Amino acid sequence: MTTLQQILPGVAVTPRHTGLRRANRALRPARTVPGALVALTLTAGLGATSAEVVAGLLGKPLGWVPVNELVELAGRSTWPDTGVAALVAAGAGAVMLLLAAVPGRSRMVPVETSDPLIVIGITRAGLRRTLRAAAQQVAGVDKARVRLRRRTIEVAVTTGDESSGQMLRQVGNAVGDRLAGVGTLGTGEVVVRLRRRPV
């Protein structure tokens, strides 16, 4: 029994929700590209500055960084003159911290597994393709388009004039059966929209 269940006996944490939470955490994309770019930029800039300062102290400046000009500019500038540059630097730092702290949007949809130690995901594009194929197998459907929303799966089907509400239910059932077969977690409700084929 978890601590939450001990505090609130009526609240049950289902394995499905726990698996969804664990899978979302595991499939969350890392911020490797922004982190690598920031690290490379800082390494190059600070490395060049350090090399220039050391070479200047030894009496043989490299000329990579205009250290003397920067020192003169700092001596002439006052705090009000550098306010805008300081705000820009602080804003850039805040954006970098936000990029590092806020998780990115996962490109994978978690799939249910029987082993709690295994996390599997299907790409969003792959899920859209398989659901579109399931919708297009229904008789009378000419074309289907699938959109994965946050809480719903929107299926827009293009049909002829002979289409009916029964066919929409069949599309909904076919897409729902395919979702159940794949075993996706947290995909939400299936919404089917009808579009008539232009005559």
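Quick notes on the rules
Residues numbered from 1 in each chain as written. Predicted model: local features only at pLDDT ≥ 70, side-chain atom pairs only at ≥ 80, totals over all residues. Heavy atoms only, no water. Helix = DSSP H or I, 4+ residues; strand = E, 2+ residues; numbered from the N terminus. Buried < 20%, exposed > 50% of the residue type's maximum accessible area, 1.4 Å probe, protein only. Contact = heavy atoms within 4.5 Å. Areas by Shrake-Rupley, 256 points an atom, 1.4 Å probe, with all protein chains shown as cover. Expected span 1.5 Å × (residues − 1). Arc of directions from axis to C-beta. Patch = residues over 30% accessible without salt bridge, like charges linked within 9 Å, V, L, I, M, F, W, Y side chains within 5 Å. Salt bridge = Lys/Arg side-chain N within 4 Å of Asp/Glu carboxyl O. Core = buried A, V, L, I, M, F, W, Y, C linked by side-chain atoms within 4.5 Å. Pairing = 2+ DSSP bridges. Axes fitted to C-alpha atoms, helices over the stretch in contact; angles between N-to-C directions. Parallel < 35°, antiparallel > 145°, perpendicular 65-115°, else oblique. Left-handed = near helix turned anticlockwise from the far one by under 90°. Nonpolar A, V, L, I, M, F, W, Y, C, P; charged D, E, K, R; others polar.

Colleague: I keep staring at the overall build of the protein chain and nothing clicks. Help me out?
Modeller: When its secondary structure is counted, the protein chain shows seven helices and five strands. Along the chain direction, N to C, the helices and strands of the protein chain fall in the order α-α-α-α-α-β-β-α-β-β-α-β. By the burial criterion, 20% of the 199 residues in the protein chain qualify as buried. Counted over contacts in the protein chain with a minimum sequence separation of 6, partners at least 24 positions apart contribute 56%. As displayed, the protein chain has an accessible area near 14000 Å², and 61% of this comes from carbon and sulfur atoms.

Colleague: Could you clarify how one ought to interpret helix H6 (residues 124-136) in this entry?
Modeller: Spacing of three or four residues puts side chains on the same side of an α-helix, whose turn is 3.6 residues. With 13 residues, H6 should reach 18 Å at 1.5 Å per residue; the first-to-last C-alpha distance of 18 Å fits that figure. When H6 is considered as a whole, its buried residues turn out to be Arg124, Gly126, Leu127, Thr130, Leu131, Ala134 and Ala135.

Colleague: Honestly, helix H7 (residues 165-182) in this entry has me stumped. Any pointers?
Modeller: Between its first and last C-alpha, H7 extends 26 Å over 18 residues, near the 26 Å set by a 1.5 Å rise per residue. For H7, the full list of buried residues reads Met167, Val171, Val175 and Leu179. Here the buried residues of H7 occupy an arc of 120° about the axis, which is enough to place them on one side. Residues of H7 that are exposed and point over 90 degrees away from its buried face: Arg169, Asn173, Asp177, Ala180 and Gly181. Buried-residue contacts for H7 involve H6, strand S3 (141-148), strand S4 (152-159) and strand S5 (189-196). Gly183 lies just past H7 and shows a positive phi near 85°.

Colleague: Please clarify how a nonpolar patch on the surface should be interpreted in this entry.
Modeller: Residues Leu117, Ile118 and Ile120 make up a contiguous nonpolar surface patch of about 320 Å² in total accessible area. Positionally, Ile120 belongs in strand S2 (residues 120-123). Here Ile120 falls in the partly exposed class, since its relative accessible area comes to 40%.

Colleague: Just checking my understanding: could you explain the nonpolar core for this structure?
Modeller: The nonpolar side chains of a soluble globular protein tend to be buried with one another. Core analysis: the largest hydrophobic core is formed by 16 residues, its most contacted members being Leu131, Ala135, Val141, Ile153, Val155, Val157 and Val171. Looking at this core, the elements that each hand over two or more residues are H6, S3, S4 and H7. If we skip the residues at most four places from it in the chain, Leu131 touches Val146, Leu148, Ile153, Val175, Arg178 and Leu179.

Colleague: When you look at the sheet that holds S5 in this model, what are you seeing that I'm missing?
Modeller: Taking strand neighbours across the sheet as the criterion, the three strands line up as S3-S4-S5 in an open arrangement whose pairing is mixed. Pairing within the sheet leaves two strands with one partner each, and these edge strands are S3 and S5. Along the sheet, successive strands turn relative to each other by an average axial angle of 20°, direction set aside. The sheet contact formed by S3 and S4 spans seven bridges and is antiparallel.

Colleague: Help me out: how do you make sense of the packing of H6 against H7 in this one?
Modeller: Packed helix pairs are specified by the crossing angle of their axes together with the interaxial distance, meaning the distance between the axes. For the pair H6 and H7, interaxial distance at closest approach is 8 Å and the crossing angle is 140°. As far as their axial angle goes, H7 and H6 are oblique. Classified by chirality, the crossing of H7 by H6 is right-handed. Each of Leu127, Thr130, Leu131, Ala134 and Ala135 in H6 lies in contact with H7, whose residues at this interface are Val171, Ala174, Val175, Arg178 and Leu179. Considered class by class, the residues forming the contact of H6 with H7 number eight nonpolar, one polar and one charged.

Colleague: I tried to follow the environment of Ala48 on my own but got confused; where do I start?
Modeller: Following the sequence through the fold, Ala48 ends up in helix H3 (residues 32-57). By relative accessible area, which is 19% here, Ala48 ends up buried. Put simply, Ala48 and Trp64 are 16 residues apart on the chain and 6.8 Å apart in space, counted from C-alpha to C-alpha. Once residues lying within four places of it in the same chain are set aside, the contact partners of Ala48 are Trp64 and Val65.

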